[in-house]
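Descriptive analysis of the structure
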Amino acid sequence: MDILTVLAISVWVGLAGVDYYGSGLMFGRPIVTGTVVGFLMGNMQTGLEIGATLELAWLGLMPLAGAQPPNVTIGSAVGVVFGIQSGLSPTAVVGVAIPFAILMQQLTVIQFTTFATFMPKVDKMAEKCDIKGIEKVNYLGLATYFLTFFICTFVPTYFGDVVAKSIVESVPKDIIDGLSIAGAMMPALGFSMLLKMMLKEKRFTPFYVIGFVLATFLKLPIIAVALLALSVAIVDYFNSRDSDNTAPLNSDDHLEDGI
């Protein structure tokens, strides 16, 4: 792979990693990053297939403050690179991508812990209304995080040709088949994690049943079910917003400091 492609992939993953903890536009999700990396490598279809497989496997993995799951952005980017270069099936790529996702998980925890030492200083800046100082700390954190993602993508991508070929040539076929079987089971785990969170809210259970009936018994395509679900979500959002705006305030309700 030429150096410009490696740099382009690394820059994209760096930006997607910053988005993952910054703007939250979901550029770092496997189905997006996998497609973009595949496009940059000249094989967008394989990138989309691998990204979609990893998305199903890691569907319920979302970061929550200090509780960091395996990083799906690094995992999907490196997985697509190795998958395209080695010719592994999308399900087998899951087993290859997991170690890189776990590595980035540990690096993220280390970085968050390190930046926690800046918080007392930031608190003092807030007391002095030093907005520019706080902005500099935030930008430093984003820049450091971008650099971490960039390096963790650049190294395995740059040496991916050699590593991918050595994996295919040295790993026994039974192990590759085992990775494929394990990878094929991962989407079920992803869905189960998602359902575990979704079914905690009892009002979501009927929507799950409706979607199951539409897809299983009425044989509607996934896109049709997704569009119906999107319509229901939009209606529910506006109904909830309208009910919040019209709800009367109790006598005990009050505003403090304008919040």
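Presented here is an overview of the structure given in this document.

Thresholds applied
Residues numbered from 1 in each chain as written. Predicted model: local features only at pLDDT ≥ 70, side-chain atom pairs only at ≥ 80, totals over all residues. Heavy atoms only, no water. Helix = DSSP H or I, 4+ residues; strand = E, 2+ residues; numbered from the N terminus. Buried < 20%, exposed > 50% of the residue type's maximum accessible area, 1.4 Å probe, protein only. Contact = heavy atoms within 4.5 Å. Core = buried A, V, L, I, M, F, W, Y, C linked by side-chain atoms within 4.5 Å.

Quick look at unusual backbone geometry now. At M26, a residue that is not glycine, the phi angle is positive and equals roughly 70 degrees. In this structure, M26 sits in the loop between α1 (3-21) and α2 (30-40). Classification of M26 by relative accessible area gives partly exposed; the value is 36%. Of note, the phi angle at K219 is positive, near 60 degrees, even though the residue is not glycine. Given a relative accessible area of 65%, K219 falls into the exposed group.

Relative to the elements of secondary structure, V122 occurs in helix α6 (residues 119-127). Residues V122 and E135 lie 13 residues apart in sequence; the distance between their C-alpha atoms is 9.8 Å. With sequence-adjacent residues up to four places away left out, V122 is seen in contact with I134 and V137.

The tendency in soluble globular proteins is for nonpolar side chains to be buried as a group. V37, W58 and I74 are the most contacted members of the largest nonpolar core, which has 27 residues in total. Elements with a contribution of two residues or more to this core: α1, α3 (44-57), α4 (72-86), α5 (90-115) and α7 (131-158). Setting aside chain neighbours within four positions, we find V37 in contact with I9, A77, V80 and V81.

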